[in-house]
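Chain by chain, the residues run as shown.
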Amino acid sequence: YGPCFIIPQAAQTAAENGAKNVTALQQYADVDMNEKAHNIATRLAAKVVTNLPEIQRRFSDAYAPKDLQIGDWFAGYAHNRLGPMVMALSALERLTAQKKVAGCIVHEDVTLDTRVTVNFCKARGIPTVHIPHAACHLNPGVQDIHRETRTDFIAASGQYMAEFYRESGFAGGMEETGLVQLDWLYDRDYPRRAEARRILVLDEKQLVLVYASTWPQTTSLRSRFGAELQETLSAVIPLSKEFGAFLAVKVHPHEGEGAEKQYVEALKQAGVKGLVTRHHNSYVTPAANVVIM
């Protein structure tokens, strides 16, 4: 027995960290399977082209912006994504034919590879578990694909996350486990609060706010893309100034190059003291990856 990873890099990392009997899903694929998957994907993409008018209508009814012209790009996008998904399904079929699969664990099930895997396992009675990689801070009633997890169980980091998924309509099993993927942090010798405040030139009474950014992606099609994110930042910065707080901006790893400079400029223009960093899993100094105003 051993774990099989759908992402090759994850398999390599697990093996390097001492996991035993590690395999990657791609090990169950071969050249013939790749050719078959490519042909199936091409035929499916042809169906997408044929049905573009109806797909456009459904997009217009459900997504924003309403004038999104999917005919300009969706067929190519579908063909580009269908190939890897058909390949993954073929490899999963071969895996389950050769091995007894005890369960499926995903860090999210909203992207194509994880959702395909979850749906595949559920169709075959294989238990599926979602260990969210982050909490989605959404108000009740806000539409977002992150509310639509399809797994059988969720390992929630705490009460807030459990309430979020219950409010979203999740009726499966739920356990509050803590954020298990960050347990390793307890073994690291990070600077204590007093040392952190000394480095950031903060006294003990200085309020510190943290803003963790994100970036527009296909999962946010039903919201308002960058405008919504800009409105959030435009609310956080004045609030920090009102409270006289030090604002720490954690830049999302997938935000575009140069995003740090934009945040720095926004803080400077508002006269808000703070820092901007993209790196948060290691101790960094002001001379390295942290910009301090």
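Scroll up a little and you will see the structure.
Description of the structure in this document. Here the structure is a predicted model, which is why all the values come from computation and not from measurement. (Residues numbered from 1 in each chain as written. Predicted model: local features only at pLDDT ≥ 70, side-chain atom pairs only at ≥ 80, totals over all residues. Heavy atoms only, no water.)

As for the sheet that holds strand β6 (residues 173–176)
Ordered in space as β3-β4-β5-β6, the 4 strands form an open sheet in which the pairing is parallel. Looking at strand neighbours, the two that pair on one side only are β3 (104–106) and β6, the edges of this open sheet. Between one strand axis and the next, the sheet turns by 20° as a mean value, whatever way the strands run. Pairing of strand β4 (residues 128–130) with strand β5 (residues 153–156), which is carried by 2 bridges, proceeds in the parallel orientation. Paired with histidine 130 across the strands is isoleucine 154, a residue of β5. (Pairing = 2+ DSSP bridges. Helix = DSSP H or I, 4+ residues; strand = E, 2+ residues; numbered from the N terminus. Axes fitted to C-alpha atoms, helices over the stretch in contact; angles between N-to-C directions.)

Some thoughts on a nonpolar patch on the surface
On the surface, Leu207, Leu239 and Phe243 cluster together into a nonpolar patch covering about 260 Å² of accessible area. The class of leucine 207 is partly exposed, set by a relative accessible area of 38%. (Patch = residues over 30% accessible without salt bridge, like charges linked within 9 Å, V, L, I, M, F, W, Y side chains within 5 Å. Areas by Shrake-Rupley, 256 points an atom, 1.4 Å probe, with all protein chains shown as cover. Salt bridge = Lys/Arg side-chain N within 4 Å of Asp/Glu carboxyl O. Buried < 20%, exposed > 50% of the residue type's maximum accessible area, 1.4 Å probe, protein only.)

Comments concerning the pattern of salt bridges
Inspection of every chain in the model, using the stated rule, returns 7 salt bridges. In this structure, arginine 94 engages aspartate 30 in a salt bridge whose closest nitrogen and oxygen atoms are separated by 2.9 Å. In this pair, arginine 94 sits in helix α4 (residues 74–98) while aspartate 30 sits in the loop between β2 (23–24) and α2 (31–50), placing the two residues 64 residues apart along the sequence. Judged by its relative accessible area of 34%, aspartate 30 falls in the partly exposed class. Notably, a salt bridge pairs arginine 198 with glutamate 195, separated by 2.9 Å at the nearest N-O pair. Here arginine 198 pairs with glutamate 195, and both are found in helix α7 (residues 193–199), just 3 residues apart, close to one helical turn. Of the residues examined, glutamate 195 reaches a relative accessible area of 29% and is grouped as partly exposed. Each of Glu54, Arg57 and Arg58 takes part in one network of salt bridges that share partners.

Here we look at the packing of aromatic side chains
Going through the model one piece at a time under the given rule, you end up with 4 aromatic pairs. Where tryptophan 73 meets phenylalanine 74, the ring centres are 5.7 Å apart and the plane angle is 80°; that geometry is what we call edge-to-face. Judged by its relative accessible area of 14%, phenylalanine 74 is buried. For tryptophan 73, a relative accessible area of 34% puts it in the partly exposed group. (Phe/Tyr/Trp six-rings, centres within 6.5 Å; stacked < 30°, edge-to-face > 60°.)

Quick look at the pairing of strand β9 (residues 274–277)
Of the two faces of β9, the one lined by Gly274 and Val276 and the one lined by Leu275 and Thr277 are each fully buried. Both strand β8 (residues 246–250) and β9 contribute to a ladder of 4 bridges, which runs parallel. If you follow lysine 250 over to β9, its bridge partner there is threonine 277. Considered for its hand, the β-α-β crossover made up of β8, helix α9 (residues 259–270) and β9 is right-handed. (Right-handed = clockwise from strand over helix to strand, strands pointing away.)

Purely geometric stuff here, so don't read any function into it on its own.
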